[in-house]
Every structure is written in C-alpha cells, then in structure tokens.
Amino acid sequence: METAEEIMKQTYEKAKAFFKVDLPVYKLNIIKDKAEMYNDEIKTTKWQGAGFFRKNAVFIMDKSFFKDLGYKEDEFEGVIVHELSHIFIKQIVKEFIPIWIEEGLCNHIGFPNIKLKPKEIINLEKIITSEDWYENNTPFVYCTYLFRVLSEDYGNEKILEFIKKLNIKGVKEAFLEVFEMPLNEFINKINSNIQNDKFT
C-alpha cells in the first residue's frame, strides 16, 4: 500500500506539470476516522465532498469512505490533484478570481480524461463566490467542460497564461487578450454545443 508521502509526490507532480512552478510547502492529510473531520484543526470547515484544502495542506477522506460519499475509489488521486490545484492557483494569482474559473480549472486538471456532458447551461455571471457555487448546486460539469474545450482548442499553456494575467487584468480583458476571442462569444459556443448536442 502506498504511503501518504508517495501519494502526495505522485499527485503533486501531476499538478505541477500544469502550473510549472513549485510550492514552497505542502502537506497531505488522509482522514481515516470520520471523527477527525471535527477535530480542532478542521472542525470549522463545512465538508462538501471528499476533500478540501486549507492554506498549503490538502485534507481528504480515506479511500475507504469514498463510496459512501458518492465517489469511486479510483477518483482518490484526482480529488487530491484537484485540491492541490487550488493551492497552486492561490500561489500564482494574488487577486480574487471568480469561483467558476477556479473550480472548473481544478477539476479539469484533476480529472482530465472524464468527459461528462453538462445537463444544463449555467449563467457564469451568477457564479462568482463560493456561496454562489453551492447555491447553484456546484456546477462542476459545466465549468469543467468549459476548460476542457479551452484545452482542446488552445492548449493548457494558454490557459495558464490566462490565469497568470488575472493578476493584472479583469476576466473578460484577460480572456480576450490570451484567446483572441471575447469571453461571451466562447460561452455562446459552449452553450450551442450543449443545446445542439455537439458535445464531444
């Protein structure tokens, strides 16, 4: 059985391959007892899934709990990569960015080979904060699909360039400058794919 250190090294390298930087400090906490979810270090966190990040640490439920949480055991490493990606983003982007960007990108990096068709179109202007995210039933599929299409059309290096540019420009301005297409035009393309069943 792999140790936490071995798992962390493997997942760290996957996230690092996208962001192309190192984290100064990082830690993986695998929670093997549900009672630990409420210890002094993490009891203030509202659990929404199988894991979360805090500062430079990832907290994740043991693989044995995944089925009860609605996950597959083989998604264990993907969840860790997703949470690690949040930490990388916080290091790279010092400004506030809309939650749809952060969650969509983290899920794209954590689960690059999962292709799920969005069941509905999401108004991204209403998905800005964490509160918006949960009020709209955590639209992971739609936001992940958006970044998958960006990756297929432009490549991950362009996405990273876009993320870095959010330090100095607004979302729409940065998107236009990097992808040479207005954000609303790209969103219309995404929505058209969904409506016309052109999902791939």
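Scope of this entry: the structure provided in the associated data block. Predicted model only: the values in this text are computed from it and were never measured.

**What to know about the pairing of strand β2 (residues 51-54)**
No. 1: In the sheet, β2 pairs with strand β3 (residues 57-61) via four bridges, with the strands oriented antiparallel. When the sheet's bridge partners are listed, Arg-54 is paired in β3 with Ala-57.
No. 2: The antiparallel hairpin formed by β2 and β3 contains two residues in its connecting segment, where Lys-55 sits at a positive phi of about 55°.

**Here's the deal with the state of the cysteines**
Note on terminology: disulfide describes a covalent bond linking the sulfur atoms of two cysteines.
No. 1: Going through the model one piece at a time under the given rule, you end up with zero disulfides.
No. 2: For Cys-106, which is in no disulfide, the shortest distance to another cysteine sulfur is to Cys-143 and amounts to 11 Å.
No. 3: Overall, the relative accessible area of 0% leaves Cys-106 in the buried class.

**Let's talk about the pattern of salt bridges**
No. 1: Under the counting rule described, the total for this entry stands at 10 salt bridges.
No. 2: The residue Lys-165 makes a salt bridge to Glu-177 at a minimum N-O spacing of 3.0 Å. Of this pair, Lys-165 sits in helix α6 (residues 156-165) while Glu-177 sits in helix α7 (residues 171-179); the two residues are 12 residues apart in sequence, bridging distant segments of the chain.
No. 3: Here Lys-165 falls in the buried class, since its relative accessible area comes to 17%.
No. 4: On the basis of relative accessibility, which here comes to 40%, the residue Glu-177 falls in the partly exposed class.
No. 5: When salt bridges that share partners are traced, they join Lys-165, Lys-169, Glu-173 and Glu-177 into one network.

**Points about α6**
Given 3.6 residues to a turn, an α-helix orients residues that are three or four positions apart in the same direction.
No. 1: Every buried residue belonging to α6 is among Ile-159, Leu-160, Phe-162, Ile-163 and Lys-165, and all of these are buried.
No. 2: Those residues of α6 hidden inside the fold are in contact with α1 (4-19), α2 (76-92), α3 (99-110), α5 (140-154) and α7.

**Details of the nonpolar core**
No. 1: Core analysis: the largest hydrophobic core is formed by 58 residues, its most contacted members being Leu-84, Trp-100, Ile-101, Phe-162, Ile-163, Leu-166 and Phe-186.
No. 2: Looking at this core, the element that brings in the most residues is α2, giving nine residues.

**Here we look at a nonpolar patch on the surface**
No. 1: Together, Ile-114, Leu-116 and Val-141 line one region of the surface with nonpolar side chains, adding up to about 220 Å² of accessible area.
No. 2: Note that Ile-114 resides in the loop between α3 and α4 (130-135).
No. 3: On the basis of relative accessibility, which here comes to 35%, the residue Ile-114 falls in the partly exposed class.

What counts as what
- Residues numbered from 1 in each chain as written.
- Predicted model: local features only at pLDDT ≥ 70, side-chain atom pairs only at ≥ 80, totals over all residues.
- Heavy atoms only, no water.
- Pairing = 2+ DSSP bridges.
- Helix = DSSP H or I, 4+ residues; strand = E, 2+ residues; numbered from the N terminus.
- Disulfide = S-S within 2.5 Å.
- Buried < 20%, exposed > 50% of the residue type's maximum accessible area, 1.4 Å probe, protein only.
- Salt bridge = Lys/Arg side-chain N within 4 Å of Asp/Glu carboxyl O.
- Contact = heavy atoms within 4.5 Å.
- Core = buried A, V, L, I, M, F, W, Y, C linked by side-chain atoms within 4.5 Å.
- Patch = residues over 30% accessible without salt bridge, like charges linked within 9 Å, V, L, I, M, F, W, Y side chains within 5 Å.
- Areas by Shrake-Rupley, 256 points an atom, 1.4 Å probe, with all protein chains shown as cover.

Remember, this is a structural readout, not a statement about activity or role.
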